[in-house]
Amino acid sequence: MNQTKTLALFCKVVDNYGDIGICWRLARQLVREHDIDVTLWVDDLRSFARICPQVDPAAAAQQVAGVSIYHWRDQDGTYYAEDVADIVIEFFAVDIPPGYVTAMAQRQVKPVWLNLEGLTAEEWVEGCHTLPSMHPRLPLTKHFFFPGFTARTGGLLREAGLFDERDRFQRDPAARSAFLGGLGLDAGEQAACKVSLFCYPHAPVAGLFDAWQRGAAPVACLVPEGVAKDEVRDFLGGEPAAGAVRTQGMLTVRVLPFVPQADYDRLLWACDVNIVRGEDSFVRAQWAGRPFAWHIYPQDENLHHKKLRAFLLRYCAAQYGDDAGPLERFALAFNGVEQNADWPGLWQSLSGRLDQLACRSANWQNALLENGDLASNLLAFARSMR
Ligand code: TRH
């Protein structure tokens, strides 16, 4: 029953860092917490190395954190049944090399084959989670596996010790100060309201900068290098390279280097408000327990607005009870659902309630804990299939 010791995870980097960010997190957790032998196939090692500097972008094969990493160069190659893992995961419906699929079918005990899908809060996911799909020619069945926010989905990625580590860090002013100091923040920036800003290029950052600059209290906005480039360049009056910083009015904008994934978590834990995007930083902001706004990945015909509303419906119900939240209004405006946003007003109502909002995010986290975590749920499902 429990003979599922090996797992292969196939990841194609479509764009940005979310694909590899999620696969890397899952791979490490399966090794560390479940003692699984994980092989991670990745087509773009350069993007991988940005979130994990131990990765050598030139190596065809390497081991990092106990995970075997292979550069997935093309669809060619011959594979043998004994090369195939007990569990095979294609992330976001990528096409696994045909030779590998043939070898899967040649195994006496067929592997459990999962298509790990993207995260959405929409209700239809519950009906599709774990649905089977037969291979048209080979004796193989693939199952859909959806992350999600309810017990009828696969849940979210969350490492076992995450909350303890976060709580230790958040309760330790010296650790926080050392971390922020290491990123270059001076005492004034550390004492200001710290906002991390990780968004897509179309975000309405200029309006927000303007509101912060004219606001009543100091704001330190921490932007990873390459993010909101045009607005940051305009504000700085120069190249937005890592380490660049400028204060105008009440706003200081500081450009951060792109940090390893574990440090990005610490950044979220250290800030008072987090603006996050995509899928992985979005989930990490929820675990950080601080007020956050999600800049959702844009899709054709504004499909992403529907996804955003589906999430806000769940999140705000757990967060606010009867009070339609300032976070909701802020997120809708930041994603262009509400046009002509009053940024000074939106920021004022949000920043005036940061403590209450942070406290209430515990409700949301407690509700999510009921769903278990994605890595454990995935393994339990795979084992039930064998
Ligand atoms: O980078 P993203 O926009 O990624 C994705 C991709 O575009 C993907 O194709 C799409 O499907 C998905 O969004 C919806 O955002 P995301 O998901 O938040 O991933 C960013 C990763 O980068 C995450 O693992 C955190 C990590 N990161 C660092 O490690 N260091 C940093 O300094 C920063 C800013 C992020």
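Rules behind the numbers
Residues numbered from 1 in each chain as written. Predicted model: local features only at pLDDT ≥ 70, side-chain atom pairs only at ≥ 80, totals over all residues. Heavy atoms only, no water. UniProt positions renumbered as here; feature names shortened; annotations may be inferred. Salt bridge = Lys/Arg side-chain N within 4 Å of Asp/Glu carboxyl O. Helix = DSSP H or I, 4+ residues; strand = E, 2+ residues; numbered from the N terminus. Buried < 20%, exposed > 50% of the residue type's maximum accessible area, 1.4 Å probe, protein only. Pairing = 2+ DSSP bridges. Axes fitted to C-alpha atoms, helices over the stretch in contact; angles between N-to-C directions. Contact = heavy atoms within 4.5 Å. Near = heavy atom within 4 Å. Polar contact = N/O pair within 3.5 Å; in protein donor to acceptor, adjacent residues only side chain to side chain. Areas by Shrake-Rupley, 256 points an atom, 1.4 Å probe, with all protein chains shown as cover. Nonpolar A, V, L, I, M, F, W, Y, C, P; charged D, E, K, R; others polar.

- Looking at an unreviewed UniProt entry, the chain carries the name Protein-arginine rhamnosyltransferase, with the source organism given as Pseudoduganella umbonata.
- As stated in UniProt under Sequence similarities (unreviewed entry), the record for the chain gives "Belongs to the glycosyltransferase 104 family."
- Comment text from UniProt for the chain, heading Catalytic activity (unreviewed entry), reads "dTDP-beta-L-rhamnose + L-arginyl-[protein] = N(omega)-(alpha-L-rhamnosyl)-L-arginyl-[protein] + dTDP + H(+)".

### A closer look at the pattern of salt bridges
Pairing between side chains of opposite charge can happen when their charged atoms approach one another.
Phase 1 of the analysis: Within the structure shown, the criterion is met by 17 salt bridges.
Phase 2 of the analysis: Close ionic contact of Glu-90 with Lys-142 constitutes a salt bridge, the shortest N to O distance being 3.0 Å. Here Glu-90 is found in strand 5 (residues 87-91), whereas its partner Lys-142 is found in strand 8 (residues 141-145), with 52 residues between them in sequence. An identical accessibility class is assigned to Glu-90 and Lys-142; each is buried.
Phase 3 of the analysis: Between Arg-152 and Glu-126 there is a salt bridge; the shortest N-O distance is 3.7 Å. Of this pair, Arg-152 sits in the loop between strand 8 and helix 5 (162-170) while Glu-126 sits in helix 4 (residues 124-128), placing them 26 residues apart in sequence.
Phase 4 of the analysis: Overlapping salt bridges bring together Arg-25, Glu-159, Asp-265, Asp-280 and Arg-284 as one network.

### Considering the sheet that holds strand 1 (residues 6-11)
Phase 1 of the analysis: Spatial strand order, 3-4-2-1-5-6-8-7: eight strands in an open sheet with mixed pairing. Two strands close off the open sheet at either side, each with one partner strand: strand 3 (61-64) and strand 7 (132-134). This sheet shows a mean twist of 25° between the axes of neighbouring strands, independent of strand direction.
Phase 2 of the analysis: In this sheet, strand 8 lies alongside strand 6 (residues 112-116) in parallel orientation, the contact comprising four bridges. Residue pairing in the sheet places Leu-114 in a bridge with His-143 of strand 8.
Phase 3 of the analysis: Most of the contacts of helix 1 (residues 18-34) go to strand 2 (residues 37-42), to which it runs at about 165°, and overall it touches strand 1, strand 2, strand 3, strand 4 (67-71), strand 5 and strand 6.
Phase 4 of the analysis: Set on the sheet, helix 16 (residues 374-384) makes contact with strand 1, strand 5, strand 6 and strand 8; between it and strand 8 the angle comes to about 155°.

### Some remarks on the site of the ligand
Phase 1 of the analysis: Around the ligand, the structure places 23 residues, and the nearest of them are Asp-15, Tyr-200, Val-259, Asp-280 and Ser-281.
Phase 2 of the analysis: Here Asp-15 contributes a side-chain N or O atom positioned 2.7 Å from an oxygen atom of the ligand.
Phase 3 of the analysis: Here an oxygen atom of the ligand sits 2.8 Å away from a polar atom, N or O, in the side chain of Arg-277.
Phase 4 of the analysis: The fraction of the free accessible surface of the ligand (710 Å²) that becomes covered by protein chains is 96%.
Phase 5 of the analysis: Looking at the shell around the ligand, the elements with two or more residues in it are helix 1, helix 10 (261-270) and helix 11 (280-288).

### Topic: the side chain of Glu-231
Phase 1 of the analysis: On the secondary structure map, Glu-231 appears in helix 9 (residues 229-236).
Phase 2 of the analysis: Here Glu-231 is in contact with Pro-201, Ala-203, Val-205, Ala-206 and Phe-209, once residues within four sequence places are set aside.

### A word on the side chain of Ser-361
Phase 1 of the analysis: By the secondary structure assignment, Ser-361 is in helix 15 (residues 354-369).
Phase 2 of the analysis: Within the structure, Ser-361 has its side chain in polar contact with the backbone oxygen of Ala-358 (distance 2.7 Å).

### Overview of the environment of Ala-217
Phase 1 of the analysis: In this fold, Ala-217 is placed in the loop between helix 8 (205-213) and strand 10 (219-224).
Phase 2 of the analysis: Residues Ala-217 and Ala-192, 25 residues apart in the sequence, show an inter-C-alpha distance of 7.7 Å.

### So, the packing of helix 8 against helix 9
Phase 1 of the analysis: Direction vectors running N to C along helix 8 and helix 9 enclose 35°, while the axes themselves pass 9 Å from each other. Across the interface between the two elements, Val-205, Ala-206, Phe-209 and Gln-213 of helix 8 pack against Glu-231, Val-232 and Phe-235 of helix 9.
Phase 2 of the analysis: Its residues assigned to classes, the contact of helix 8 with helix 9 shows five nonpolar, one polar and one charged.

### A short note on the sheet that holds strand 10
Phase 1 of the analysis: Across the sheet, which stays open at both edges, the six strands sit in the order 11-12-10-9-13-14 with mixed pairing between neighbours. Of all the strands in the sheet, the pair left with one neighbour each is strand 11 (245-248) and strand 14 (292-295). Adjacent strand axes in the sheet meet at a mean angle of 15°, parallel and antiparallel pairs treated alike.

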